[in-house]
Each structure stands twice: as C-alpha cells, then as structure tokens.
Amino acid sequence: MQVAGRSVRLSPWYGFDGAVLLGLAPALWLRDPAWLDIARRAAAARGWRRFLVQATTPAQRLALDAAGWVLVDELYVLFRRGSLELPPVPHTARGVEMRRGRAADTAELLEVDHRCFEPFWMMNEAALREALQATPRTRFRVLASADDDRVVGYAIFGLGAGEGYLQRIAVDPRYQGRGLATRLIVDGLRWAKRWRARRVGVNTQRSNETALRLYQRLGFEMEPNGITIYAWPDH
Ligand SMILES: CC(C)(COP(=O)(O)OP(=O)(O)OC[C@H]1O[C@@H](n2cnc3c(N)ncnc32)[C@H](O)[C@@H]1OP(=O)(O)O)[C@@H](O)C(=O)NCCC(=O)NCCS
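All chains use their own residue numbering, which begins from 1 and follows the written sequence. For a predicted model such as this one, the threshold for reporting local features is a pLDDT of at least 70, and the threshold for listing and counting side-chain atom pairs is 80 or more; totals across whole chains, interfaces and linings nevertheless cover every residue. The basis for the side-chain values is all heavy atoms of the structure; hydrogens and waters are excluded.

Enquirer: Is there a simple way to explain the nonpolar core in this structure?
Expert: Generally speaking, soluble globular proteins have nonpolar side chains that are buried together. Only buried residues count toward a nonpolar core. Its members are Ala, Val, Leu, Ile, Met, Phe, Trp, Tyr and Cys residues joined through side-chain atoms within 4.5 Å. Categorising residues by exposure relies on relative accessible area from a 1.4 Å probe, with only protein chains included: less than 20% of the type maximum marks a residue as buried, more than 50% marks it as exposed, and the intermediate range marks it as partly exposed. By size, the foremost hydrophobic cluster in this structure holds 28 residues, and its most contacted members are W13, L52, L109, W121, M123, Y154 and I229. Secondary structure elements are defined from DSSP: runs of H or I of at least 4 residues count as helices, runs of E of at least 2 residues count as strands, and each element is numbered from the N terminus. Elements that contribute at least two residues to this core include exactly β4 (19-23), β6 (70-81), α4 (106-116), α5 (125-133), β8 (137-145), β9 (151-160) and β13 (227-231). Note that the domain bounds reflect an automated or database-derived domain assignment. Taken domain by domain, this core gets at least three of its residues from each of domain 1 (2-74 + 227-231) and domain 2 (80-222). In contact with M123, not counting residues within four places along its chain, are Y14, G15, L110, D113, H114, L128, A131, Y154 and R168. Counting residues in hydrophobic clusters, the runner-up holds 27 residues, among them Y76, L184, A192 and L212. Contacts are assigned to residue pairs with any non-hydrogen atoms lying within 4.5 Å of each other.

Enquirer: Looking at this structure, I do not really get unusual backbone geometry. What am I missing?
Expert: Most peptide bonds take the trans form, and the phi angle of most residues other than glycine is negative. Here the phi dihedral of A161 falls at roughly 50°; this positive angle occurs in a residue that is not glycine. Inspection of the secondary structure assignment puts A161 in the loop between β9 and β10 (163-171). Positive phi, close to 60°, is recorded for R196, a residue that is not glycine. Summarising the element assignment, R196 is placed in the loop between α6 (180-194) and β11 (199-205).

Enquirer: Whenever I open this one, the environment of P90 confuses me. Can you help?
Expert: When you line up the elements, P90 lands in the loop between β6 and β7 (96-100). Accessibility expressed as a relative area gives 27% for P90, which makes it partly exposed. P90 sits 90 residues away from L180 along the chain, and the two C-alpha atoms are 8.2 Å apart.

Enquirer: Would you mind going over the pairing of β4 with me for this structure?
Expert: Regular strands show a simple pattern: their side chains alternate between the two faces of the sheet. Among the five residues of β4, four are classified as buried, and the element is accordingly described as predominantly covered. Only when DSSP finds a minimum of two bridges between them are two strands counted as paired. Sheet topology note: the strand β3 (residues 9-12)/β4 ladder contains four bridges and is antiparallel. If you follow R9 over to β4, its bridge partner there is G23. Remark: six residues form the turn of the hairpin made by β3 and β4, two consecutive strands paired antiparallel; Y14 in that turn has positive phi of roughly 25°. Bridge count for β4 against strand β5 (residues 50-55) is three bridges, and the pairing is parallel. Within β5, the residue paired with L21 across the bridge is L52.

The following block contains the structure:
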C-alpha cells in the first residue's frame with residue numbers, strides 16, 4: 001500500500017490472526033520513527049490488529065527499542081553458496097513419497113505445521129498463500145505417507161533476483177530424525193542450482209538448535225547479523 005507517498009508492504013504474520021509485518025524502508029524510520037506510527041495506523045485502518053517490524057542492524061534495534069516496540073524473537077540468517085556440491089540424500093526414508101504440493105493438501109499441511117511450531121510461528125492459510133507467492137518462482141513439495149497419502153512434511157523454496165530461499169520446512173514430529181527434512185532440502189537445493197542461484201538463504205529461530213545443526217550440516221553458513229522481530233505492545 002502507499003502511505004503518504006511511501007510504499008509499505010503488509011505481509012500477514014503466520015498463525016497470529018490479525019497480525020501483520022510492516023515492510024517499510026528502514027532508512028525512513030531510522031531518520032524519523034514517526035513513520036512507524038504512520039504505517040501502523042494505516043495498517044490498522046485496513047483491519048490489522050497486531051503489528052510487527054523486523055530489524056537487521058544494531059542501529060535499527062536501538063531505534064525500535066526507543067520507539068517503544070518490544071522484542072519478540074531473534075533469528076539467525078544463514079546462506080549456502082550455490083557453488084557447493086549437493087549433499088547426499090539419505091536412503092533411509094522409505095514408505096514416504098515426495099510430490100508436488102497441492103491446494104487440497106492445505107488442511108493436512110497446516111495440521112503438521114501446527115504440531116511443529118509454537119503459536120507465534122504457526123502457519124495459517126493467509127501466511128501459506130503469502131509464502132507461495134512471495135517470490136517469482138516457487139518450489140512446493142510435500143512428503144506423503146505411501147500408504148494413505150497423508151502429508152507428513154513439506155517445504156517451500158522461493159527464488160528471485162538470482163537467490164534461492166528456504167521459506168518454510170516442517171516434518172511431523174512422529175517422522176523426524178529419519179532424514180526427511182534432508183531429502184526436502186536437497187530437492188530444493190537441486191532446484192535452486194538448476195536456476196543457477198548464487199546462494200540459498202534460510203532464517204531460523206535462535207532457540208531452534210535442531211534446525212540450526214541440520215542447516216549447518218548441509219553447508220549453510222551463519223551471517224554475522226541476524227533478524228530481530230519486534231511487536232507493537234497491546235495497550
Ligand atoms: C527441523 C526439522 C524440519 C528437521 O526434520 P527431520 O526430518 O527430523 O530432519 P532430518 O532427519 O533430515 O535431520 C535431523 C537429524 O536427524 C538425523 N538423521 C537423519 N537421518 C536419520 C536416520 N535415518 N536415523 C537417525 N537419524 C537420522 C540427522 O543426522 C540430523 O541430525 P543432525 O542435525 O544432528 O546431524 C524438524 O525437526 C521440524 O519440523 N522441526 C519443527 C519445525 C522447524 O523447526 N522447522 C524449521 C524452521 S527454520
């Protein structure tokens with residue numbers, strides 16, 4: 001949307017109904033924090049009730065603290081160079097087949113997602129649509145049980161401006177530790193390689209040691225600056 005001649009991107013926030021991530025140029029609100037209020041009010045006028053902003057530098061974090069925003073989570077940012085060889089795919093994951101994700105998978109996929117994430121990070125339909133449309137190209141794959149075709153895991157990769165991005169990955173807790181996420185990630189990396197992506201990125205919560213270890217094992221390297229998520233406090 002346009003607010004006072006500036007562009008503000010509104011991205012629905014995962015499972016937090018009514019929550020939106022305000023995307024507005026940090027240079028703008030670093031110069032004048034009033035822009036955060038202007039964007040927030042404009043989003044509220046469109047029906048959003050909770051507001052989030054991301055910071056990627058210490059100066060941005062200081063500005064958000066000073067403006068009364070509250071830190072809610074911190075993410076690591078990792079990248080894997082496109083020139084690296086693909087990691088090997090484990091042979092252990094039998095009984096589960098990978099196929100293209102479909103609209104009809106949505107309900108089962110969200111059930112798996114909700115078993116995997118805490119409420120703040122759970123996908124809802126709007127966030128899923130956003131993830132699937134966020135980049136010019138998307139690879140959406142699900143892993144389904146060979147017996148009954150029930151979804152047991154899924155991954156969404158995006159590609160734009162020569163870079164790949166792992167938007168989302170989740171494997172049902174009952175199926176974890178069998179190499180399924182590795183299979184999904186290697187599939188996405190192969191796809192990104194075909195499109196000659198310079199690198200593939202992923203963000204993960206600082207508290208998510210399992211995911212971090214997995215990404216690092218697969219050749220992702222941590223960037224010095226992470227992402228901090230701030231929320232406007234409910235008054
Ligand atoms: C992170 C997540 C996707 C990993 O899924 P997974 O299918 O368990 O991942 P894998 O099995 O490929 O790898 C996980 C571990 O199992 C091990 N493993 C792989 N195959 C195995 C097998 N056949 N037997 C035993 N262990 C195995 C791997 O070595 C790996 O261990 P390591 O990371 O210590 O080296 C899953 O834990 C999850 O959905 N978590 C919640 C959602 C989430 O955090 N998503 C990522 C957000 S950024």
